[in-house]
Each structure stands twice: as C-alpha cells, then as structure tokens.
Amino acid sequence: MLSLDHVSVAYDGQPAVQDASLRLDDGEVLAVLGPSGCGKSTLLRAVAGLEPCTGTVAWDGADLARVPTHKRGFALMFQDGQLFPHLTVARNVGYALRLRRRPRAEVVARVADLLDLVGLAGYADRLPGTLSGGERQRVALARSLAVEPRLLLLDEPLSALDAGLRERLAGELRDILRAAGTTALLVTHDHEEAFAVADRLAVMRAGRVVQTGAIADVWAAPTDAPTALFLGYARVLDAEPAAPILAAAGRATGTPVALRRSALHVADDGPLAGEVVAVRTTPELLRLVVRVEGVGEVDAVAGLALRAGVGDVVRMHVEGTRLAPLRGADTASLH
Ligand code: ADP
Ligand code: MG
C-alpha cells in the first residue's frame, strides 16, 4: 500500500505540491486528475523519489525517504514511452530483465506473455519506428510491467495519442492493468482517460488535492464548481456545495439519476421530464444528455442499472435547489 501524508514540493520557494495526502491500496488504480501545471508530474516524481519533498511517502507503512528511486520497486511510464529505437519490440520489452541477468529462456517466455497481454503477439521482431503511436505505447507498457513493479507510475501515458486511439487504448490499459493485477498511479489532465482507466480519483488543483473518492462519488458530487467543470460538466451553478442534486426514476423506476448542477437554473424544485438525446458510457457511469421542455439540454448521470437509451423519456427530480450565478463555457446559451 502506498501512502502519502502531507507531501509538499517547492521549486525555488514556489510551492508545486502542497500538503498532499493519498492512499493507494494493492491492486488499485488511482488517477490524479488536474489541469496542466497543477503539480501532477511533480507529485509523481516525489513518489518515485526523483524529487525531494517534505511529508511522508511510505510503502506498507515504511517511510521511503531514504530509499533511492531504483530501490523502490516502482516503474515509471511517460507520455512518449521512450522506447530504444534501435532495439526490436522484444528486446525493448525484455530490456530490464536482461539487465537483471535473468536466464534467456525465462526472458523469452516472459516477453511473449507480455506481448500477448498488450495485444502485440507477432510484433516481437518489429522496430519501434515501424509501429503506430498506440502500438508504441503498448510496448512501453509491456516494458514497464516486465519486472513486475509493485507500483506503476504513469505520467499522461496516452496524451500524445489522437482522440479516437486514446479512448480505445484507455479501455485496453484498464484491462491490461487489471489482468496483471498492477497497482498503479496514473496522472492525467483528461477526465475521460481517468474515468476509463482508474478505480478512484484524486482531483488536484493549484498544487493541492481538492477531492478524492470513487469515480462515481466524485462525479455525482464534485466538491466545487471548478472541479465540476474540470470533470466535464457542461455548465454548473455555483450553488451551496451541499445542495443535493439528486434523483430519480426513468423507465427503471427507483434508479437514482444525478442531475448535474447545470439544470439548477430551473427555478423550482420538483420533477423534470425530458427526452434522452445522447448517451455516453464509461465503465462506471452512464451520462445522459436530456432535452427538457422549456429548459434545453441538461446533463444527467446515472448508475449502470439504468439502461436509458436515446429517445427514452426520463423523469428526474431536482431537490433543494438554490439559484446562483451560472458558470461555464456556454452560459450565454441559457439566457
Ligand atoms: P503538471 O504535471 O500538473 O502539468 P508539474 O508538476 O509539471 O505540473 O508542474 C507544477 C508546477 O511546478 C508548475 O508551475 C511548473 O512550472 C513547476 N515546475 C515543474 N518542474 C519544475 C522544475 N524542475 N523547476 C521549477 N519549476 C518546476
Ligand atoms: Mg505533467
């Protein structure tokens, strides 16, 4: 188990990470999500032992302060994968194993297993230059997993890829990490990537961890308006943080639907009904865009038990609304 307690890093007196505390259980994938420059990479580097920090980074309760990077048993993977261009795929993947002087037969078998795991069986003899960006990232992932790190640190591993590929590979990355039982800390600025890959989220802003929790919980109740916007809410109301935005029932009666704050510009509490115009799924969540008569399109979030589809009419109930100024990119369209 990785634990961070009150970890801070400063560059020339300027704080980059402030008072970060996190837990990561074995086998769990945690995504640190935040905008560019908020301190994600710095936090990851502190975990790896590449950046001096105050506070405590510990593994299974043992302080790592005096444990150098190469003795922590962690592996790092970056945005660009950084393969050796002159080595074949197989030699890239087996690199660390050969460095450790593992028997040749063992290296060959392990490399084959790993290429299988990342869906690249048959690519062993290719050179990195002949691979697509996504294939290169999968080779880099296989290479990171070769030595069975007790923790895999992933710094924006998919950010260099184009959108379609990124989405597909995010799902694959999730499956591969699950299949290998890897404990991983992923940092990214892309909420879709975080949702697709991780079990839990830690949302970071300006050097601080502002919210942690299971993805569904963070999604359903962002701690504040900037967090909601960063998570992908189209429009939010700066309402009372505790205002419940919940409720209920489409065809699958009783299934909770969290109505995003975007809908809170409806003056009255009470039921809303609307037609679903779009549905998006992540492994945990169903996101519905619902057209509400006289209101326009609003975003709603449902648990997986609700199988609403485009064209379905869903009924939602907004509780405890308090009107407050709208914020967000397309506020104007609401007036
Ligand atoms: P992120 O990965 O979230 O984009 P970083 O952790 O790279 O953010 O950076 C956080 C802050 O620390 C930024 O303001 C950045 O300019 C600063 N920073 C990062 N690395 C260094 C460094 N080596 N020296 C000085 N400042 C740095
Ligand atoms: Mg970074």
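Above this note sits the structure.
Below is a summary of the structure that appears in this document.

What counts, and where the lines are drawn
- Residues numbered from 1 in each chain as written.
- Chains lettered and ligands numbered in written order.
- Predicted model: local features only at pLDDT ≥ 70, side-chain atom pairs only at ≥ 80, totals over all residues.
- Heavy atoms only, no water.
- Buried < 20%, exposed > 50% of the residue type's maximum accessible area, 1.4 Å probe, protein only.
- Helix = DSSP H or I, 4+ residues; strand = E, 2+ residues; numbered from the N terminus.
- Pairing = 2+ DSSP bridges.
- Right-handed = clockwise from strand over helix to strand, strands pointing away.
- Near = heavy atom within 4 Å.
- Polar contact = N/O pair within 3.5 Å; in protein donor to acceptor, adjacent residues only side chain to side chain.
- Areas by Shrake-Rupley, 256 points an atom, 1.4 Å probe, with all protein chains shown as cover.
- Contact = heavy atoms within 4.5 Å.
- 1 Å grid on protein atoms, 1.4 Å probe; cavity = no way out; pocket = protein on both sides within 12 Å on 5 of 7 lines; lining within 4 Å.
- Points joined across faces, edges and corners; volume = space filled by probe spheres on them.
- Nonpolar A, V, L, I, M, F, W, Y, C, P; charged D, E, K, R; others polar.
- Axes fitted to C-alpha atoms, helices over the stretch in contact; angles between N-to-C directions.
- Parallel < 35°, antiparallel > 145°, perpendicular 65-115°, else oblique.
- Left-handed = near helix turned anticlockwise from the far one by under 90°.

## A word on the pairing of strand β7 (residues 151–155)
At step 1: For β7, the tally of buried residues reaches 5 of 5 residues, placing the bulk of the element in the interior.
At step 2: Of the two faces of β7, the one holding L151, L153 and D155 and the one holding L152 and L154 are both buried throughout.
At step 3: Bridging between strand β6 (residues 74–77) and β7 involves 4 bridges; their strand directions are parallel. Across the sheet, the residue bridging to A75 is L152, located in β7.
At step 4: Regarding the hand of the β-α-β motif, the stretch spanning β7, helix α6 (residues 163–180) and strand β8 (residues 184–188) is right-handed.

## Overview of the site of ligand 1
At step 1: Taken together, Y11, A16, P35, S36, G37, C38, G39, K40, S41 and T42 are the residues near ligand 1.
At step 2: The contact in question runs from an oxygen atom of ligand 1 to an N or O atom on the side chain of T42, over 2.5 Å.
At step 3: Protein chains bury 53% of the 560 Å² of accessible surface belonging to ligand 1 in isolation.
At step 4: Sort the elements by how many residues they give to the shell around ligand 1 and helix α1 (residues 40–48) lands first, with 3 residues.

## Some remarks on the pairing of strand β3 (residues 29–33)
At step 1: Counted residue by residue, β3 has 5 buried out of 5 residues, so it is predominantly covered.
At step 2: Neither face of β3 is open: one carries V29, A31 and L33, the other L30 and V32, and all of them are buried.
At step 3: Sheet topology note: the β3/β8 ladder contains 5 bridges and is parallel. Its bridge partner being in β8, L30 is matched across the sheet by L185.

## Here's the deal with the environment of L152
At step 1: Tracing the chain through its elements places L152 in strand β7.
At step 2: On the basis of relative accessibility, which here comes to 0%, the residue L152 falls in the buried class.
At step 3: Between the C-alpha atom of L152 and that of V29, which follows or precedes it by 123 residues, the distance is 9.2 Å.
At step 4: L152 has contacts with A75, L141, S144, L145, L177, T182, T183, A184 and L185, leaving out every residue within four places of it along the chain.

## With respect to the layout of surface pockets
Which parts of space are left empty comes out when a probe the size of a water molecule is rolled across the atoms.
At step 1: Quantified by volume, the largest pocket comes out at close to 660 Å³.
At step 2: In this structure, the largest pocket is lined by 22 residues; those nearest its centre are F74, A75, L76, A96 and V147.
At step 3: Elements with a minimum of two residues in the lining of the largest pocket: β6, α3 (95–99) and α5 (133–145).
At step 4: For the lining of the largest pocket, the leading source of residues is β6, giving 4 residues.

## A short note on the side chain of R138
At step 1: Looking at the secondary structure, you find R138 in helix α5.
At step 2: Residue classification places R138 among the buried residues on the basis of a relative accessible area of 13%.
At step 3: Each residue touching R138, except ones within four places of it in the same chain, is listed here: V118, G119, L120, L169 and E172.

## Some words on empty space enclosed by the protein
At step 1: Evaluated as defined, the whole model comprises 1 cavity of 30 Å³ or more.
At step 2: Here the largest cavity defines a volume of roughly 60 Å³.
At step 3: Listed by contribution, the elements that provide at least two residues to the lining of the largest cavity are α5 and α6.
At step 4: Broken down by element, the residue count for the lining of the largest cavity peaks at 4 residues, all from α6.
At step 5: Class assignment of the residues belonging to the lining of the largest cavity gives a composition of 6 nonpolar, 1 polar and 2 charged.

## A short note on the packing of α5 against α6
At step 1: Their axes nearest at 11 Å, the elements α5 and α6 cross at an angle of 20 degrees. Classified by the angle their axes make, α5 and α6 are roughly parallel. Judged by the sense of rotation from one axis to the other, the crossing of α5 with α6 is right-handed. Across from G134, Q137, R138, L141 and L145 in α5, the residues of α6 making contact are L165, L169, E172, L173 and I176.
At step 2: Looking at the contact of α5 with α6 residue by residue, the class counts come to 6 nonpolar, 2 polar and 2 charged.

## So, the sheet that holds strand β2 (residues 14–24)
Across a sheet, paired strands are connected by hydrogen bonds in the backbone, their directions being either parallel or antiparallel.
At step 1: One open sheet accounts for 4 strands, arranged β2-β1-β4-β5; its pairing is antiparallel. The strands lining the two open edges of the sheet, one partner per strand, are β2 and β5 (62–63).
At step 2: Direction of pairing for strand β4 (residues 54–59) relative to β5: antiparallel, over a ladder of 2 bridges. If you follow W59 over to β5, its bridge partner there is A62.

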